[in-house]
Amino acid sequence: MTEPRPAGGVHASGVGRDGGGGVDASGGNRDGSGGVHASGGTRDGGGGVRALLGGNRDYRRLLLAGLISQTGDWVISTGLAFHVYRLTGSTLSTAIMLLVSRLPDVALGSLAGVLADRWDRRRVLVVADVLLALGLLPLLAVRGPDQVWIVYAVALWTGVLSTVLAPAQKALVPQIVAESQLVRANALHGQTGQVARLLGAMLGGLAVSAGGLAAIVLIDVASFLVSAALQATLRPPGRPARTATMGGQWVAGLRLAMGNAGVRLLVAYMMITGLGEGIFATLAAPFVSDVLGGAGDAYGLFLSVQAVGGILGGLVVAVRPGRAAPRVLLGGATVVFGLVDLALFTYPLAVPALWPALVLIGLAGVPAAAATAGFTTLAQSVVGDGRRGGVFGVLGSAHAATALGGMGLAGVLGGAAGVVPALCVHAAGLIVAGIMVLTCDHA
């Protein structure tokens with residue numbers, strides 16, 4: 001369960017459709033030793049969205065930085081996929097670009113989490129953004145199909161940096177936001193990816209048509225530099241220096257993933273939902289085309305409504321987060337999400353029309369956003385501040401690995417059983433994962 005990330009893009013906070021959340025913080029006090037006390041605004045957690053955005057300078061800037069950089073990601077993702085296909089005439093080239101950009105999530109996720117716990121997280125975000133901006137510049141040299149290897153190299157570079165950036169970003173939020181505001185903050189933060197998706201996909205198409213590859217590269221470079229400048233002004237409280245070696249801390253983190261009931265629960269959840277995400281990502285287009293009988297414009301509308309539903313759902317959770325514990329929010333929302341998806345995938349068996357799909361995919365945005373906020377808050381809270389990055393790294397690796405497996409499974413199931421039964425496996429996985437979270441109260 002991740003926030004949507006564009007194919008070939010770089011920020012790992014943004015096309016997952018579900019999400020994740022939090023329990024009570026075992027991360028200790030909220031003072032200068034790892035808490036969220038004072039540096040840039042009110043952090044007492046009082047009030048609603050207006051108080052969070054208006055009274056917390058650091059959170060406001062972190063949110064804006066994410067929106068700007070992710071919009072740039074979607075610009076280059078949309079334009080680069082089109083440009084590479086036009087350049088090579090090969091769908092394999094696009095598939096290789098996507099695969100190369102995602103492999104670091106699987107291979108380096110747990111190690112990236114250790115770096116987020118050892119290093120200053122604000123500095124990690126700033127340096128990563130600058131390196132991402134510089135790493136995109138070689139794309140300006142791509143002129144023909146014989147230079148497509150440059151695209152692969154850039155995709156690998158940005159994939160590695162994205163893997164390092166993601167756990168640092170998520171682990172930083174509890175440092176600058178009060179515990180009582182975490183669900184609301186995570187709901188808003190998760191929706192920046194959906195807003196960026198709508199803006200960036202539109203701008204990417206216009207930019208590549210008007211200015212070619214250079215235009216989309218320069219837009220994304222600028223977005224990273226602006227993001228770096230904003231994040232350089234953050235003032236999170238200091239954290240204790242790490243005394244363990246990096247290797248020792250990495251091993252300790254893996255032991256924690258096996259020994260902590262809350263982390264084990266979240267890893268299991270990510271593996272189940274990651275498998276389903278891989279299935280959905282692979283079969284969404286065949287579902288619209290073959291099952292609903294839609295054309296390319298129908299598929300674009302389907303994805304746009306999905307993003308709008310996610311934005312509205314995130315706003316609902318941010319404004320009315322309720323008082324449910326993050327585990328209950330995660331489990332209940334995931335079950336509802338699975339039920340809505342089950343209706344979405346099976347209704348064409350009785351009514352083969354497009355409009356119910358648009359309604360249902362939009363409605364699914366509300367429980368998906370609630371699950372995302374619940375998951376992220378829970379992951380931020382099951383361990384102390386010194387282990388949060390490691391937890392997000394392990395969870396990211398688990399999700400990325402099973403998502404790749406889900407893509408392969410979709411190819412097999414889609415051909416053997418059909419598109420609808422394969423997608424129903426995804427919906428059933430959500431329901432099972434939600435029930436698992438609700439019944440594992442000891443976690």
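This text goes with the structure placed above it.
Reading the values: rules and limits
- Residues numbered from 1 in each chain as written.
- Predicted model: local features only at pLDDT ≥ 70, side-chain atom pairs only at ≥ 80, totals over all residues.
- Heavy atoms only, no water.
- Helix = DSSP H or I, 4+ residues; strand = E, 2+ residues; numbered from the N terminus.
- Buried < 20%, exposed > 50% of the residue type's maximum accessible area, 1.4 Å probe, protein only.
- Areas by Shrake-Rupley, 256 points an atom, 1.4 Å probe, with all protein chains shown as cover.
- Expected span 1.5 Å × (residues − 1).
- Patch = residues over 30% accessible without salt bridge, like charges linked within 9 Å, V, L, I, M, F, W, Y side chains within 5 Å.
- Salt bridge = Lys/Arg side-chain N within 4 Å of Asp/Glu carboxyl O.
- Phe/Tyr/Trp six-rings, centres within 6.5 Å; stacked < 30°, edge-to-face > 60°.
- Axes fitted to C-alpha atoms, helices over the stretch in contact; angles between N-to-C directions.
- Parallel < 35°, antiparallel > 145°, perpendicular 65-115°, else oblique.
- Left-handed = near helix turned anticlockwise from the far one by under 90°.
- Contact = heavy atoms within 4.5 Å.
- Nonpolar A, V, L, I, M, F, W, Y, C, P; charged D, E, K, R; others polar.
- Core = buried A, V, L, I, M, F, W, Y, C linked by side-chain atoms within 4.5 Å.

(A) Summary view of the overall build of the protein. A tally of helices and strands in the protein yields 14 helices and zero strands. Shown N-terminal to C-terminal, the secondary structure of the protein runs as helices and strands in the order α-α-α-α-α-α-α-α-α-α-α-α-α-α. A buried classification covers 57% of the 443 residues belonging to the protein. Taken as a whole, the protein presents about 16400 Å² of accessible surface, with 70% of it coming from carbon and sulfur.

(B) Fine view of helix H13 (residues 388-416). Here H13 spans 41 Å end to end across 29 residues, near enough to the 42 Å set by a 1.5 Å rise per residue. Of the residues trailing H13, Gly-418 is marked for its positive phi of about 110°.

(C) Expanded view of a nonpolar patch on the surface. A cluster of nonpolar side chains, contributed by Val-130, Leu-134, Leu-137, Leu-140, Leu-218 and Leu-225, occupies part of the molecular surface with about 470 Å² of accessible area. Turning to its location among the elements, Leu-140 is positioned in the loop between helix H4 (121-136) and helix H5 (148-176).

(D) A look at the packing of aromatic side chains. If you walk through the whole model with that rule in mind, you get four aromatic pairs. Ring centres 6.4 Å apart and planes at 40° place the aromatic pair Phe-280 and Phe-345 in the tilted group. Placement of the pair is Phe-280 in helix H8 (residues 261-291) and Phe-345 in helix H10 (residues 326-346), with a sequence separation of 65 residues. When sorted by exposure, Phe-280 lands in the same class as Phe-345, which is buried. Three or more aromatic residues joined by ring pairs make a cluster, and in this case those are Phe-280, Phe-287, Phe-302 and Phe-345.

(E) Just the packing of H8 against H10, in detail. For the pair H8 and H10, the least separation of the axes is 14 Å and the interaxial angle reads 25°. The angle between H8 and H10 places the two elements in the roughly parallel class. As H8 packs across H10, the resulting crossing turns out to be left-handed. In contact with Leu-266, Tyr-269, Phe-280 and Phe-287 of H8, H10 contributes Leu-330, Thr-334, Leu-344 and Phe-345. When grouped by side-chain class, the residues that make up the contact of H8 with H10 number seven nonpolar, one polar and no charged.

(F) Representation of the nonpolar core. Counting 77 residues, the largest nonpolar core has Leu-80 and Leu-139 as the members making the most contacts within it. Broken down by element, this core gets its largest block of residues, 13 residues, from H5. When residues no more than four places from it in sequence are discounted, the contact partners of Leu-80 are Met-97, Leu-139, Val-151, Leu-213 and Ile-216. Judged by nonpolar contacts, the second largest core, of 29 residues, contains Val-288, Phe-302, Leu-360 and Leu-423.

(G) Quick peek at the environment of Val-351. Checked against the element boundaries, Val-351 lands in the loop between H10 and helix H11 (355-363). Take Val-351: its relative accessible area is 44%, and that puts it in the partly exposed class. C-alpha separation for the pair Val-351 and Leu-292, spaced 59 residues apart in sequence, amounts to 9.4 Å.

(H) Geometry of the pattern of salt bridges. Under the criterion given, the structure shown has one salt bridge. Among the ionic pairs, Asp-58 bridges to Arg-57, the shortest N-O distance being 2.6 Å. The two residues Asp-58 and Arg-57 agree in class, both being buried.

(I) Highlighting the packing of H10 against H11. One can describe the packing of H10 onto H11 by two numbers: an axis separation of 9 Å at closest approach and a directional angle of 165°. Classified by the interaxial angle, the pair formed by H10 and H11 is roughly antiparallel. Classified by chirality, the crossing of H11 by H10 is left-handed. Taking contact as the criterion, the partners of Val-340, Ala-343 and Leu-344 in H10 are, on H11, Ala-357, Leu-360 and Ile-361. Of the residues in the contact of H10 with H11, the class split is six nonpolar, no polar and no charged.

(J) Inspection of the environment of Gly-374 at higher detail. One can find Gly-374 in helix H12 (residues 365-381). Judged by its relative accessible area of 0%, Gly-374 is buried. Between the C-alpha atom of Gly-374 and that of Ala-333, which follows or precedes it by 41 residues, the distance is 8.6 Å.

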